[in-house]
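As a plain string of letters, each chain reads:
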Amino acid sequence: MPKNLLILGGTTEASSLAHLISKTEFNATISYAGRVERIRQQPIQRRIGGFGGVEGLASYITANGITHLVDATHPFAAQMSQNAFLACQKTNIPLAALTRPQWKKQKADKWRLVPNIKAAAAALEGDPKRVMLAIGRMHLAQFYNNPQHFFLLRLVDRPEVPPLFPNQVIEISCGPFTTGQDKLLLSRYKIDLIVAKNAGGKAAYAKIEAARQLEIEVIMIERPVIVDRLTFYNSEEVIHWISVSG
Ligand code: NAP
């Protein structure tokens, strides 16, 4: 049977796999949740929007003759990864993850590890600070209980309904960022605390390096636990896996 891959995307890794696979004989589609305004053009076909849970994804796999699923979603996209795992079990097709290693604390880093977003919000109780909240836009409301702080929010798109912190600045930018730019940004807004997800990868690491150099504390949200699955860290290995499996 011809190999027909579905890539769950929204990351640099997914785009790099899409480029590499377009140079092979395999058919492939990349899927986006549709959360951002500008969705990248890709050299393979795209689909946009949720599938409708595990059942919806399983139906999509069957209806479109998908033979391999690569979960290249962001490490914090835990719901999609769980759905992918269950849908592959249901349809009996092979699954692999394509991801990046998490960031490791360096000696000079001032990290406070917290297990999830709720714990990060709880860690902000206390005296007013100048906080860069670098967690995207989906979970900002969980921080509304701490209105005493100044919040710098860096978002990919301008939100239709602006966040409601009494003292906030919104920077619209999708990166990638450099350490130099992020040092300037942190200095301009006199940031003394950053809340970040341990996303891993290069694109969002600049703020972590900048924080280290400026001796700024980081509340680092640890990755959600994702079910054990075959995992690759580069696109070439994924292509090899598709060639030899299924
Ligand atoms: P999530 O919480 O794990 O997923 C929520 C729902 O969104 C899923 O159940 C699914 O809807 C839909 N969905 C998610 N990813 C999808 C994809 N690639 N294609 C089609 N539907 C998708 O996901 P999330 O954390 O909101 O992330 C959404 C997207 O943004 C992902 O593609 C992810 O790679 C990207 N992203 C996330 C983060 C982050 O910090 N979470 C950062 C950068 C990029 P149905 O159940 O209806 O199928």
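How each quantity is defined
- Residues numbered from 1 in each chain as written.
- Predicted model: local features only at pLDDT ≥ 70, side-chain atom pairs only at ≥ 80, totals over all residues.
- Heavy atoms only, no water.
- 1 Å grid on protein atoms, 1.4 Å probe; cavity = no way out; pocket = protein on both sides within 12 Å on 5 of 7 lines; lining within 4 Å.
- Points joined across faces, edges and corners; volume = space filled by probe spheres on them.
- Domains from an automatic or database assignment.
- Contact = heavy atoms within 4.5 Å.
- Buried area = accessible area lost by both parts, 1.4 Å probe.
- Salt bridge = Lys/Arg side-chain N within 4 Å of Asp/Glu carboxyl O.
- Polar contact = N/O pair within 3.5 Å; in protein donor to acceptor, adjacent residues only side chain to side chain.
- Nonpolar A, V, L, I, M, F, W, Y, C, P; charged D, E, K, R; others polar.
- Helix = DSSP H or I, 4+ residues; strand = E, 2+ residues; numbered from the N terminus.
- Expected span 1.5 Å × (residues − 1).
- Buried < 20%, exposed > 50% of the residue type's maximum accessible area, 1.4 Å probe, protein only.
- Arc of directions from axis to C-beta.
- Near = heavy atom within 4 Å.
- Areas by Shrake-Rupley, 256 points an atom, 1.4 Å probe, with all protein chains shown as cover.

To locate leftover empty space, one rolls a probe as large as a water molecule over the atoms. Approximately 330 Å³ is the volume attributed to the second largest pocket. The wall of the second largest pocket is formed by 20 residues, among which Thr99, Arg223, Ile226, Arg229 and Tyr233 lie closest to the centre.

Further remarks concern the domain arrangement of the protein. Each assigned domain of the protein is listed here: domain 1 (4–101 + 226–244) and domain 2 (111–221). The C-alpha-based centres of domain 1 and domain 2 are spaced at 29 Å. Contacts between domain 1 and domain 2 engage nine residues on the former and eleven residues on the latter. Taken over both partners, the interface formed by domain 1 and domain 2 buries close to 840 Å², and the fraction arising from carbon and sulfur atoms is 52%. Looking only at domain 1, the three residues that lose the most surface to domain 2 are Arg35, Phe76 and Arg100, adding up to 53% of its buried area. Run the count over domain 1 and domain 2 and you get one salt bridge. The interface formed by domain 1 and domain 2 holds four residue pairs in polar contact (both at pLDDT 80 or more) in total. Tallied by class, the residues present in the side of domain 1 that touches domain 2 amount to four nonpolar, one polar and four charged.

With that out of the way, let us pick up helix H3 (residues 78–91). Compared with an ideal rise of 1.5 Å per residue, which puts 14 residues at 20 Å, H3 spans 20 Å between its outermost C-alpha atoms and is within 8% of the ideal. Those residues of H3 that sit buried are Ser81, Asn83, Ala84, Ala87 and Cys88. Angular distribution of buried residues about the axis of H3 spans 160 degrees; they occupy a single face of the element. In H3, those exposed residues whose orientation departs by more than 90 degrees from the buried face are Gln79 and Gln89. Where H3 is buried, its residues meet strand E1 (4–8), helix H2 (53–63), strand E4 (68–71) and strand E5 (95–98). Phi for Asn92, located one or two positions after H3, is positive at around 60 degrees.

Here we come to unusual backbone geometry. That bond from Gly175 to Pro176 is cis: its omega, 0 degrees, falls within 30 degrees of zero. Tracing the chain through its elements places Pro176 in the loop between strand E9 (168–172) and helix H5 (179–188). Positive phi outside glycine occurs at Lys190, with the angle close to 50 degrees. Note on placement: Lys190 falls in the loop between H5 and strand E10 (193–197).

Close to the ligand lie 22 residues, the nearest being Gly9, Ser31, Arg35, Phe51 and Lys197. Here an oxygen atom of the ligand and a backbone polar atom of Phe51 are 2.7 Å apart. For the ligand, whose free accessible area comes to 810 Å², the fraction covered by protein is 76%. For the shell around the ligand, the secondary-structure elements that each account for two or more residues are strand E2 (27–32) and H3. When residues of the shell around the ligand are assigned to their parent elements, the largest contribution, four residues, is made by H3. Here the shell around the ligand is built from residues that sort into seven nonpolar, twelve polar and three charged.

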